[in-house]
Amino acid sequence: MFPSCGQCGNAAKPTLDARLCQTILEKVEGTHLQSVKIIEDKVHQKLYEKEAKAENINKQNIELVNQIEQLTVEASAWQQRARYNENMIATLKFNLQ
């Protein structure tokens, strides 16, 4: 049995028109499949790029968090040193009186 063409509706025997119609349908289907494949490839590429970008952002975030932790420790050390110096100044002032 030959598939029917929506345009010509000729499914009885493989006449020239039916074969031409079938060939056209096959080419259109092939073109559609190629188009879908191209679109899928582009979507996959965009998804890969977005995932790579997100991974990059996460790495930068981790680096920034580590930097914040280090700066917090350094700030605490400077505050402690400032308090020590203030206490030393107070002691020296007291000793001078």
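Above this text you will find the structure in question.
As the structure is a computational prediction, the values presented were derived from the model and not from experiment.

Inspection of the secondary structure assignment puts Thr91 in helix α1 (residues 16–96). Classification of Thr91 as partly exposed rests on a relative accessible area of 41%. Among the polar contacts made by the side chain of Thr91, one reaches the main-chain carbonyl oxygen of Asn87 at a distance of 2.9 Å.

Considering all chains together, one arrives at two salt bridges under this definition. Asp41 is the partner of Lys37 in a salt bridge, and the nearest nitrogen-oxygen pair spans 3.1 Å. One end of the pair, Lys37, and the other, Asp41, are both in helix α1, four residues apart, so they sit about a helical turn from each other. Judged by its relative accessible area of 38%, Asp41 falls in the partly exposed class. Two residues, Glu55 and Lys59, come together in a salt bridge whose shortest N-O distance is 3.8 Å. You can see Glu55 and its partner Lys59 sitting in helix α1, four residues apart, about one turn around the helix. A relative accessible area of 47% places Lys59 in the partly exposed class.

What counts, and where the lines are drawn
- Residues numbered from 1 in each chain as written.
- Predicted model: local features only at pLDDT ≥ 70, side-chain atom pairs only at ≥ 80, totals over all residues.
- Heavy atoms only, no water.
- Helix = DSSP H or I, 4+ residues; strand = E, 2+ residues; numbered from the N terminus.
- Buried < 20%, exposed > 50% of the residue type's maximum accessible area, 1.4 Å probe, protein only.
- Polar contact = N/O pair within 3.5 Å; in protein donor to acceptor, adjacent residues only side chain to side chain.
- Salt bridge = Lys/Arg side-chain N within 4 Å of Asp/Glu carboxyl O.

Taken by themselves, the reported measurements are silent on function.
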